[in-house]
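In case you want the letters, here they are:
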Amino acid sequence: MQHVPLLINGEFISSESQQFIDVTNPANNTVIAKAPVASDAEVDAAVASAKEAFITWREVPVSERARVMMRYQQLLKEHHDEIATILSSETGKTLADAKGDVWRGIEVVEQAMNVPAMMMGETAENVARGIDTYSYIQPLGVCLGITPFNFPAMIPLWMFPMAVACGNTFILKPSEQDPLTPTRLAELFIEAGAPKGVLNVIHGGKDQVNKLLNHDDVRAVSFVGSVPVGQHVYKTATDNMKRAQCFAGAKNHSVIMPDANKQQVLNNLVGASVGAAGQRCMAISVAVFVGDAGEWVEELATMIGQVKPGLWDDEDAAYGPLISPQAKARVLSLIQQGKDEGATCLVDGSDFTLKGYETGNWVGPTVFSDVTEAMQIYQQEIFGPVLCCMVVDTLEEAIALVNRNPFGNGTSIFTASGAAARKYQHEIEVGQVGINVPIPVPLPFFSFTGWKNSFYGDLHAYGKQAVRFYSETKTVTARWFENDIPTGPNMTINLK
Ligand code: NAD
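Residues numbered from 1 in each chain as written. Predicted model: local features only at pLDDT ≥ 70, side-chain atom pairs only at ≥ 80, totals over all residues. Heavy atoms only, no water.

The name given to the protein in an unreviewed UniProt entry is methylmalonate-semialdehyde dehydrogenase (CoA acylating), with the source organism recorded as Paraglaciecola polaris LMG 21857. Looking at the Sequence similarities (unreviewed entry) heading of the UniProt record, one finds this comment for the protein: "Belongs to the aldehyde dehydrogenase family." (UniProt positions renumbered as here; feature names shortened; annotations may be inferred.)

Below, the structure written as structure tokens:
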């Protein structure tokens with residue numbers, strides 16, 4: 001049985017811990033590896049190693065740091081399919097989805113390669129007579145990343161390449177549910193030339209996170225995961241005077257105007273809602289049909305009902321199982337609650353199972369109509385292949401509905417009207433908006449900008465905001481006195 005190693009001070013080591021967490025194949029829940037629950041001493045050793053490495057890493061010229069990212073990007077590309085296969089085997093994601101997960105991460109590494117230009121400060125000459133002011137962007141120190149199960153390549157890659165390129169050192173605490181992918185990412189990072197201690201990987205759960213959040217030598221915390229844990233991490237980190245950015249849960253609405261291209265809408269909504277088994281923080285989980293577009297609900301439900309889940313290496317499978325039996329039980333209980341609360345279940349995936357894999361965490365595609373704001377299936381993030389459909393009379397009503405929702409990660413509008421699209425993009429209180437684009441995840445030269453309960457903090461992931469998050473600005477105000485300029489035979493500086 002494979003035991004997942006820790007990465008401390010440049011070495012992949014077996015944990016001294018006697019406590020392990022099973023890593024499973026979600027298609028049938030067989031155990032494929034065991035992840036250690038790192039001891040307190042191992043957590044301390046990882047932080048000490050990162051602290052020590054910072055002393056020299058911060059002095060490495062920014063262009064050399066960028067070159068490590070270039071080599072890393074090359075290695076990730078060479079190992080792209082291999083990483084995707086590891087990812088599929090521990091998450092159940094289809095290979096196509098897994099490749100997308102890896103690729104979106106590589107794009108962030110490409111952004112990290114551009115770090116020299118992003119670390120340039122500002123200057124102003126003669127802010128007062130003979131006085132100049134200029135600023136430098138300097139790294140912070142030891143940064144911490146805590147990541148969720150659903151994108152085990154992309155989300156760690158949102159964090160450590162940007163932080164390290166800025167001159168910081170990093171501790172990664174990946175999800176205990178799929179630690180094999182981040183371990184492979186870390187191996188390749190070392191192969192790319194990251195010096196020892198620059199990246200450390202600690203495995204475990206809440207105790208390891210809490211120890212790290214309370215560690216005096218950790219300067220900044222990046223978190224991606226659920227709302228309750230995100231709130232806890234944000235409060236604990238900031239209580240401990242650390243900088244924090246916490247990306248949390250979501251309930252993303254897509255608004256469908258009656259003038260939209262119907263076929264385009266329906267095709268897009270199928271993949272955006274139940275793709276990746278709905279385990280995407282940007283998945284569309286509520287479709288809001290405006291006016292006559294409400295007549296399309298039944299046709300959408302029929303199309304979603306034809307979607308077939310399957311094994312990761314089955315090219316015909318649209319999506320795989322949920323990550324765990326607990327996740328499956330939670331989704332099934334919410335589906336039942338939807339029925340009990342009076343929503344119409346047009347497609348019911350509760351009884352779905354895959355032949356030969358009956359012990360896996362399978363849930364079939366599910367569609368509800370007649371959903372109201374009071375229902376649990378509307379209020380909670382289901383994080384499964386379940387779409388809620390609602391019908392309203394006007395665009396104004398749709399905007400008010402979305403804005404009343406406490407989450408603000410992503411949203412989209414389908415319309416042929418520029419005026420409707422502009423009104424929506426302007427008035428909607430959601431951080432990422434798609435116009436005829438169902439899942440508007442920004443490329444890494446922008447930032448990933450969730451709002452409201454989907455994000456706690458101010459500076460977001462990747463792009464220029466990540467550089468700001470992982471750095472300090474030092475502003476120098478300088479005055480030189482002309483009568484100090486050396487003159488005569490002892491002159492040491494040739495001013496001409
Ligand atoms: P989770 O909150 O259960 O776990 C996230 C991380 O926190 C893991 O590393 C886990 O070990 C750790 N953790 C769990 N419980 C903890 C506790 N009590 N104290 C301290 N640490 C703890 O999330 P998950 O189930 O792995 O991921 C799914 C969630 O992540 C969904 O809510 C999804 O919307 C969200 N997500 C959000 C984004 C975004 O960008 N907003 C992106 C991806 C996923």
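A. Quick look at the packing of aromatic side chains. Under the counting rule described, the total for this entry stands at 16 aromatic pairs. Centroid distance Trp158 to Phe247: 5.8 Å. Interplanar angle 65°. Geometry classified as edge-to-face. With Trp158 in helix H6 (residues 154–165) and Phe247 in strand S12 (residues 243–247), this residue pair connects regions lying 89 residues apart in the sequence. Their ring planes at 65° and their centres at 6.4 Å tell us that Phe448 and Tyr462 sit as a pair that is edge-to-face. Linking Phe448 in the loop between strand S20 (433–435) and strand S21 (451–452) with Tyr462 in the loop between strand S22 (455–456) and helix H16 (463–469), this pair joins segments that are 14 residues apart in sequence. Just as Phe448 is buried, Tyr462 falls in that class too. (Phe/Tyr/Trp six-rings, centres within 6.5 Å; stacked < 30°, edge-to-face > 60°. Helix = DSSP H or I, 4+ residues; strand = E, 2+ residues; numbered from the N terminus. Buried < 20%, exposed > 50% of the residue type's maximum accessible area, 1.4 Å probe, protein only.)

B. Representation of the sheet that holds strand S6 (residues 123–128) within the structure. Taken together, the 3 strands give an open sheet; going across it, the order is S6-S7-S23, and neighbouring strands pair in antiparallel fashion. Two strands lie at the open edges of the sheet, namely S6 and strand S23 (471–479), each paired on one side alone. Strand-to-strand twist in this sheet, taken as the mean axis angle between neighbours without regard to direction, amounts to 30°. Relative to strand S7 (residues 131–139), S6 runs antiparallel, the two being bridged by 3 bridges. Considered in S7, the bridge of Ala128 is made with Ile131. (Pairing = 2+ DSSP bridges. Axes fitted to C-alpha atoms, helices over the stretch in contact; angles between N-to-C directions.)

C. Up close: the side chain of Gln208. Within the secondary structure, Gln208 sits in helix H8 (residues 206–213). A distance of 2.9 Å separates the side chain of Gln208 from the backbone nitrogen of Gly205, its partner in a polar contact. Apart from residues lying up to four places away in sequence, Gln208 is in contact with Val37, Ala38, Val43, Ile202 and His203. (Polar contact = N/O pair within 3.5 Å; in protein donor to acceptor, adjacent residues only side chain to side chain. Contact = heavy atoms within 4.5 Å.)

D. Region of the structure containing the side chain of Glu90. Take Glu90: it is sitting in helix H3 (residues 80–91). The side chain of Glu90 is buried and forms no salt bridge, while Lys93, the nearest opposite charge, is found at 10 Å. Sequence-distant contacts of Glu90, that is, excluding residues within four places in its chain, are made with Val23, Thr24, Pro26, Ile32, Gln177, Asp178, Pro179, Leu180, Thr181, Pro182 and Ile323. (Lys, Arg positive; Asp, Glu negative; His and termini not counted. Salt bridge = Lys/Arg side-chain N within 4 Å of Asp/Glu carboxyl O.)

E. Up close: the site of the ligand. In the vicinity of the ligand there are 28 residues, among which Lys173, Glu176, Ser226, Ala248 and Glu381 approach most closely. Taking Thr147, its main chain carries an N or O atom lying 2.8 Å from an oxygen atom of the ligand. Here Glu381 contributes a side-chain N or O atom positioned 2.5 Å from an oxygen atom of the ligand. Calculation on the ligand without its partners gives an accessible area of 850 Å², and the protein chains cover 87% of this total. Mapped onto the shell around the ligand, the elements with two or more residues apiece are H6, H8, strand S11 (218–224) and helix H9 (227–239). Per-class residue counts for the shell around the ligand are 15 nonpolar, 9 polar and 4 charged. If you count residues domain by domain, the shell around the ligand takes at least three from each of domain 1 (2–248 + 454–477) and domain 2 (252–435). (Near = heavy atom within 4 Å. Areas by Shrake-Rupley, 256 points an atom, 1.4 Å probe, with all protein chains shown as cover. Nonpolar A, V, L, I, M, F, W, Y, C, P; charged D, E, K, R; others polar. Domains from an automatic or database assignment.)

F. How the structure looks around the domain arrangement of the protein. Splitting the protein by domain gives domain 1 (2–248 + 454–477) and domain 2 (252–435). Of note, the centres of domain 1 and domain 2, computed from C-alpha atoms alone, are 31 Å apart. At the interface, 21 residues of domain 1 touch 24 residues of domain 2. Counting the surface lost from both domain 1 and domain 2, the interface buries some 1,900 Å², and carbon and sulfur atoms represent 60% of this. (Buried area = accessible area lost by both parts, 1.4 Å probe.)

G. Broad picture of the pairing of strand S8 (residues 142–146). Burial analysis of S8 places 5 of its 5 residues in the buried class, which makes it a mostly covered element. A two-sided burial pattern is seen for S8, the buried positions comprising Val142, Leu144 and Ile146 on one face and Cys143 and Gly145 on the other. Across 5 bridges, the pairing between S8 and strand S9 (residues 169–173) is parallel. Paired with Gly145 across the two strands is Leu172, which belongs to S9. Regarding topology, H6 serves as the crossover connection from S8 to the parallel S9, and that connection is right-handed. Looking at chain direction, S8 and S11 are connected through 5 bridges and run parallel. From the neighbouring strand, Gly145 faces S11, where its bridge partner is Ser222. (Right-handed = clockwise from strand over helix to strand, strands pointing away.)

H. How the structure looks around the sheet that holds strand S5 (residues 30–36). Ordered in space as S1-S5-S4, the 3 strands form an open sheet in which the pairing is mixed. Looking at the sheet topology across the chains shown, the edges are occupied by strand S1 (2–3) and strand S4 (20–25). Across 2 bridges, S1 lies against S5 in parallel orientation. Note that in S5 the partner of Gln2 across the bridge is Ala33. Relative to S4, H3 is tilted by about 100°, and along the sheet it contacts S4 and S5.

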